[in-house]
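# A look at the structure
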Amino acid sequence: MEKLKIGIMGGTFDPIHNGHLILAEYSRISFNLNKILFIPTGNPPHKNSEDISPNRYRYDMTLLAISTNMNYYLSTIEIERKGVTYTIDTIKYLKSKFEDAEFYFILGADSLYKIHKWKNYEELLSLCNFIVARRPNHNNKKLEKRKDDLNTKYNSSIHILEAPLIDISSTQIRERIRNGLSIKYLVPRSVEAYIEKNRIYRD
Ligand code: NAP
């Protein structure tokens, strides 16, 4: 029997936007993933918790954003974990829960360039597959080289995703809100309404 293939879309999701959703959907289709688990970060090592929105908001927005796709699931494992939340612990936990599944961690190119700073990254690279999205303004050759170097050195399975380049970022969305600009079509309508209702990112 073929193994269950699970995509993992980890993110601060502050807020989740259509770039994240397009990345997840292209990954699902390109790699025949059975489902995608969206995992909002709890207390991530690379961000100051005072600089990010409360877990409740990021959880709710993620839930709203994925609710129209029956292949998408939301996990609170990082939000509920005490202390700093590292990806290695999340992957180990998921692997112990779903012993027969194969995991694909989905991430953008910027993260791949910084992955050597992640906790136990060598082990992490050996534990699951990685699907990497190109980002606008990135050099394709440089990204291919980064992928090949890591795969050779750590015997990892990093793949580059063929998908449209989407120039949307959470930072850009927060700035637009602060400046009173529309975020229509950058995020799902439900997320836009939630942000408006709760007056998030106003100052
Ligand atoms: P984020 O800002 O919400 O973004 C989530 C992912 O989506 C990132 O990989 C990002 O790529 C990608 N992305 C965003 N917009 C995109 C677009 N328009 N097109 C293509 N890709 C896009 O979350 P994050 O703060 O980067 O965190 C990502 C994950 O890395 C989380 O699960 C976090 O826990 C993990 N992490 C772990 C460690 C560790 O364990 N030590 C350290 C750092 C991060 P880019 O990277 O290119 O922005």
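To start, this report covers the structure provided alongside it. (Residues numbered from 1 in each chain as written. Predicted model: local features only at pLDDT ≥ 70, side-chain atom pairs only at ≥ 80, totals over all residues. Heavy atoms only, no water.)

## Quick word on the overall build of the protein chain
Summing up its helical and strand segments, the protein chain has nine helices and six strands in all. Counting only C-alpha atoms and orienting by the principal axes, one finds that the protein chain spans roughly 45 × 35 × 35 Å. Split into buried and exposed, the 203 residues of the protein chain put 47% on the buried side. For the protein chain, contacts bridging at least 24 residues in sequence account for 75% of all contacts bridging at least 6. Counting only carbon and sulfur atoms, one obtains 47% of the accessible surface of the protein chain, whose full area is about 11100 Å². Each charge class in the protein chain can be summarised by its mean position, and for the 31 positive and 24 negative side chains these summaries are 2 Å apart. (Helix = DSSP H or I, 4+ residues; strand = E, 2+ residues; numbered from the N terminus. Buried < 20%, exposed > 50% of the residue type's maximum accessible area, 1.4 Å probe, protein only. Contact = heavy atoms within 4.5 Å. Areas by Shrake-Rupley, 256 points an atom, 1.4 Å probe, with all protein chains shown as cover. Lys, Arg positive; Asp, Glu negative; His and termini not counted. Charge placed at Lys NZ, Arg CZ, Asp CG, Glu CD.)

## Some thoughts on the site of the ligand
Residues in contact with the ligand amount to 28 residues; listed here are only the nearest, Thr12, His46, Ser111, Arg135 and Ile166. A distance of 3.0 Å is found between an oxygen atom of the ligand and a backbone nitrogen or oxygen belonging to Phe13. Contact distances for the ligand include 2.9 Å between an oxygen atom and a side-chain N or O atom of Lys47. Considering the ligand on its own, with 890 Å² of exposed area, one finds that the protein chains cover 91% of that surface. Listed by contribution, the elements that provide at least two residues to the shell around the ligand are strand 1 (5–11), helix 1 (18–30), strand 4 (102–108) and helix 5 (109–114). (Near = heavy atom within 4 Å. Polar contact = N/O pair within 3.5 Å; in protein donor to acceptor, adjacent residues only side chain to side chain.)

## Notes on the sheet that holds strand 3 (residues 72–74)
The six strands lie next to each other as 3-2-1-4-5-6, forming an open sheet whose pairing is parallel. Looking at strand neighbours, the two that pair on one side only are strand 3 and strand 6 (157–160), the edges of this open sheet. Neighbour-to-neighbour, the strand axes of the sheet open up by a mean angle of 25 degrees, direction not taken into account. For strand 1 and strand 2 (residues 35–40), the ladder comprises six bridges, and the chain directions are parallel. (Pairing = 2+ DSSP bridges. Axes fitted to C-alpha atoms, helices over the stretch in contact; angles between N-to-C directions.)

## Overview of the pattern of salt bridges
Evaluated as defined, the whole model comprises eleven salt bridges. Between Lys147 and Asp148 there is a salt bridge; the shortest N-O distance is 3.4 Å. Salt-bridge contacts for Lys184 lead to Glu192; the nearest nitrogen and oxygen are separated by 3.7 Å. For Glu192, a relative accessible area of 6% puts it in the buried group. A single network of salt bridges, built from pairs that share partners, joins Arg134, Glu144, Lys147, Asp148 and Glu162. (Salt bridge = Lys/Arg side-chain N within 4 Å of Asp/Glu carboxyl O.)

## Some thoughts on helix 8 (residues 170–178)
Buried residues of helix 8: Ser170, Ile173 and Ile177, and no others. What you see down the axis of helix 8 is that its buried residues fit within an arc of 60 degrees, all on one side. One or two residues past the end of helix 8 sits Gly180, with phi positive at roughly 70 degrees. (Arc of directions from axis to C-beta.)

## Quick look at the pairing of strand 1
Both faces of the sheet carry side chains from a regular strand, because those side chains alternate between them. For strand 1, the buried fraction is high: six of the seven residues fall into the buried class. Both strand 1 and strand 4 contribute to a ladder of five bridges, which runs parallel. Of the residues in strand 4, the one forming a bridge with Gly7 is Tyr104. After leaving strand 1, the chain enters helix 1 and then returns to the sheet as strand 2, a path that is right-handed. (Right-handed = clockwise from strand over helix to strand, strands pointing away.)

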